[in-house]
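Letter by letter, the chains look like this.
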Amino acid sequence: MNSRLSAAPFPTPQLPSRLPAVGTTVFSRMSQLAAEFGAVNLGQGFPDFACQPALIDMVGEAMRAGFNQYPMMTGAPPLRAAIVQKIAALYGHEYDAGSEITVTAGATEALTTAILCCVHPGDEVIVIEPAYDSYLPAIALAGGVPVLVQMELGAAGYSVPWHKVAAAVGARTRLIIINSPHNPTGSVLRAADLAALADIVRGSEVLVLSDEVYEHMVYDGARHESVCRLPELAARSFVVSSFGKTYHVTGWKVGYVAAPAALSAEFRKVHQYNVFSVNTPMQHGFASYMADPAPYLDLPAFYQRKRDLFRAGLQGSRFELLPADGTYFQCVRYDAISDLPEAQFAEWLTSEVKVAAIPVSAFYQQGKESGIVRFCFAKQDETLALALQRLAGV
């Protein structure tokens, strides 16, 4: 017998985990359950409808024009110029395309890179919970210390208790992460919120990471309050947005960061050794498509109609609708239906009712139970109608 085949296998060395508390995400688990039980998947936040054919055509044109090799590390110049024009038109802040805009491989890469470039071991990062699930692992990889401040829930929905944020700021605070429109709650920050944040950081060295990937999904006539609107906040902020969310192409994984030149320089040091650059023809396709602002200017009305359709369908049910002022998420209380913990209720809803949701407890480090789950309404009307038919009978 061949001794090489009969010998004991070589042992794999032990590898201490950099992220020992991280496992499979709740989004993957719920999507897997949805597929297993044939449930309507209103859990993971992605559209089940196509983008505009014109966008695909423009990407194809870019490929045929030869834009298929590495672009500049900072992003294709036409796209960075288009981003500058959009921000100036919407929020009145003039960034420099050359030194202050960086195109990223999606918003999550942008968020992680921003954290890695500015958070040093032992630095504190204020995170407002419930929070998108990539923040805490990125802070851990940077050696930072998360300081958690929980949102409050009242009759008007979720809100940030800025007095608690102010109390959490200390000598080691490096960064405050904000997210508006907010995932998972669907709340939005108002002008008074940004004024409160400005009061907290004024005169300090504290930076701001503003996750604004749902910037074009604000409803009922309200406007998105980007930190770009306030010069004193823009001067200390990384602002993150997502083409995938805006143009219904989450799988393309293209986003961007806008930040002052000094912050962008540090951001790019990490970005260039992480992904280096981003899909070239997609960038040129987006640059061409952005010449017409209508797709993002019309997006609030597009999603508000879906939100209203979804809310109307649950109006007579035993679910209690929470305010949904932005994003494409709707949170609901279910205490009139069940006293199960959120994760178990979401699993029951998926297996028995055949509609998948996400437990909001998954967005808290310690898994806070509130009796609330999150649905995604970025779906075709037919998908929503089927889900509503099933949910209305619960």
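Residues numbered from 1 in each chain as written. Predicted model: local features only at pLDDT ≥ 70, side-chain atom pairs only at ≥ 80, totals over all residues. Heavy atoms only, no water.

Asker: Residue-level account of the state of the cysteines, with values.
Answerer: Such a bond, covalent and formed between the sulfur atoms of two cysteines, is termed a disulfide. Tallied over the full model, the rule gives 0 disulfides. Cys-118 takes part in no disulfide bond, and the closest cysteine sulfur, belonging to Cys-117, lies 4.8 Å away. Overall, the relative accessible area of 7% leaves Cys-118 in the buried class. (Disulfide = S-S within 2.5 Å. Buried < 20%, exposed > 50% of the residue type's maximum accessible area, 1.4 Å probe, protein only.)

Asker: Could you give an account of the sheet that holds strand E11 (residues 320–321), naming the residues involved and the relevant values?
Answerer: Strand order in the open sheet formed by 4 strands is E11-E12-E15-E14, with antiparallel pairing between adjacent strands. Of all strands in the sheet, those with a lone pairing partner are E11 and strand E14 (358–359), marking the two edges. Sheet topology places E11 next to strand E12 (residues 329–333); 2 bridges connect them, and they run antiparallel. Across the sheet, residue Leu-321 finds its bridge partner in E12, namely Val-332. Packing against the sheet, helix H14 (residues 299–314) makes contact with E11, E12 and strand E15 (372–376), and its axis sits at approximately 20° to E12. (Pairing = 2+ DSSP bridges. Helix = DSSP H or I, 4+ residues; strand = E, 2+ residues; numbered from the N terminus. Contact = heavy atoms within 4.5 Å. Axes fitted to C-alpha atoms, helices over the stretch in contact; angles between N-to-C directions.)

Asker: I'd love a proper account of the side chain of Thr-327, names of residues and values included.
Answerer: Inspection of the secondary structure assignment puts Thr-327 in the loop between E11 and E12. Thr-327 sits in the buried class, given a relative accessible area of 0%. Each residue touching Thr-327, except ones within four places of it in the same chain, is listed here: Pro-181, His-182, Asn-183, Gly-186, Tyr-214, Met-217, Tyr-219 and Phe-377.

Asker: Residue-level account of the nonpolar core, with values.
Answerer: Within the largest apolar cluster, 58 residues are counted, with the highest numbers of intra-cluster contacts made by Phe-238, Phe-319 and Phe-375. The greatest single-element share of this core, amounting to 7 residues, is contributed by helix H5 (residues 107–118). The residues touching Phe-375, leaving out its near neighbours within four places in the chain, are Leu-42, Phe-310, Tyr-328, Phe-329, Gln-330, Val-332, Leu-349, Val-355, Ala-356, Ala-357 and Leu-391. By size, the runner-up hydrophobic cluster in this structure holds 56 residues, among which are Ile-83, Tyr-247, Tyr-289 and Tyr-364. (Core = buried A, V, L, I, M, F, W, Y, C linked by side-chain atoms within 4.5 Å.)

Asker: An account of the pairing of strand E3 (residues 124–129) is requested, with residue identities and associated values reported.
Answerer: Across the 6 residues that make up E3, a large majority, 5, are buried. Pairing between E3 and strand E4 (residues 145–150): 6 bridges, direction parallel. Paired with Ile-128 across the two strands is Val-149, which belongs to E4. Since E3 and E4 lie parallel, the crossover through helix H6 (residues 135–142) that links them has a hand, and here it is right-handed. Pairing geometry for E3 and strand E7 (residues 173–179), over 4 bridges, is parallel. Pairing of Val-125 across the sheet is with Leu-175, part of E7. (Right-handed = clockwise from strand over helix to strand, strands pointing away.)

Asker: Account for the environment of Arg-236, naming residues and giving values.
Answerer: By the secondary structure assignment, Arg-236 is in the loop between helix H9 (231–234) and strand E9 (237–242). The class of Arg-236 is buried, set by a relative accessible area of 14%. Linking Arg-236 and Ala-262, residues 26 residues apart in sequence, is a C-alpha distance of 9.6 Å. Excluding residues that lie within four positions of it along the chain, Arg-236 makes contacts with Val-201, Arg-202, Gly-203, Ser-204, Glu-205, Val-206, Leu-207, Val-208, Pro-260 and Leu-263.

Asker: I'd like a rundown of the sheet that holds strand E10 (residues 255–258), residues and numbers included.
Answerer: Strand order across the open sheet formed by 7 strands is E2-E10-E9-E8-E7-E3-E4, with mixed pairing between neighbours. The sheet is open, and its two borders are formed by strand E2 (101–104) and E4, each paired with just one other strand. Pairwise comparison of adjacent strand axes, ignoring direction, gives a mean angle of 20° for this sheet. Sitting on the sheet, helix H11 (residues 261–274) is in contact with E2, strand E8 (207–211), E9 and E10, with an inclination near 25° to E2.

Asker: So what about the environment of Asn-274? Which residues, and what values?
Answerer: Here Asn-274 is to be found in helix H11. Residue Asn-274 is classed as partly exposed on the basis of its relative accessible area of 44%. Here the alpha-carbon distance between Asn-274 and Phe-67, two residues 207 residues apart in the chain, equals 22 Å. Leave out the neighbours within four places in its chain, and Asn-274 touches Glu-109 and Thr-113.

Asker: Pulling in residues and values, what's your account of the packing of H5 against H6?
Answerer: Between H5 and H6, whose axes approach to 9 Å, the crossing angle comes to 30°. Considering their axes alone, H5 and H6 lie roughly parallel with respect to each other. Seen from above, H5 lies across H6 with right-handed handedness. Of the residues in H6, those touching H5 at Leu-111, Thr-112, Ile-115 and Leu-116 are Tyr-135, Ala-138, Ile-139, Leu-141 and Ala-142. Class assignment of the residues belonging to the contact of H5 with H6 gives a composition of 8 nonpolar, 1 polar and no charged. (Parallel < 35°, antiparallel > 145°, perpendicular 65-115°, else oblique. Left-handed = near helix turned anticlockwise from the far one by under 90°. Nonpolar A, V, L, I, M, F, W, Y, C, P; charged D, E, K, R; others polar.)

Asker: Residue-level account of the side chain of Thr-102, with values.
Answerer: Within the secondary structure, Thr-102 sits in strand E2. When its relative accessible area of 1% is taken as the criterion, Thr-102 is described as buried. Polar contacts involving the side chain of Thr-102 include one to the side chain of Arg-268, which spans 2.9 Å. Ignoring anything within four residues of it in the chain, the contact list for Thr-102 reads Thr-74, Gly-255, Tyr-256, Val-257, Phe-267, Arg-268 and His-271. (Polar contact = N/O pair within 3.5 Å; in protein donor to acceptor, adjacent residues only side chain to side chain.)

Asker: Please give an account of unusual backbone geometry that cites residues and values.
Answerer: Cis geometry marks the peptide bond from Ser-180 to Pro-181; its omega dihedral reads -10°. With respect to the helices and strands, the residue Pro-181 is situated in the loop between E7 and helix H8 (191–201). Non-glycine residue Asp-220 carries a positive phi angle of around 60°. Tracing the backbone shows Asp-220 in the loop between E8 and H9.

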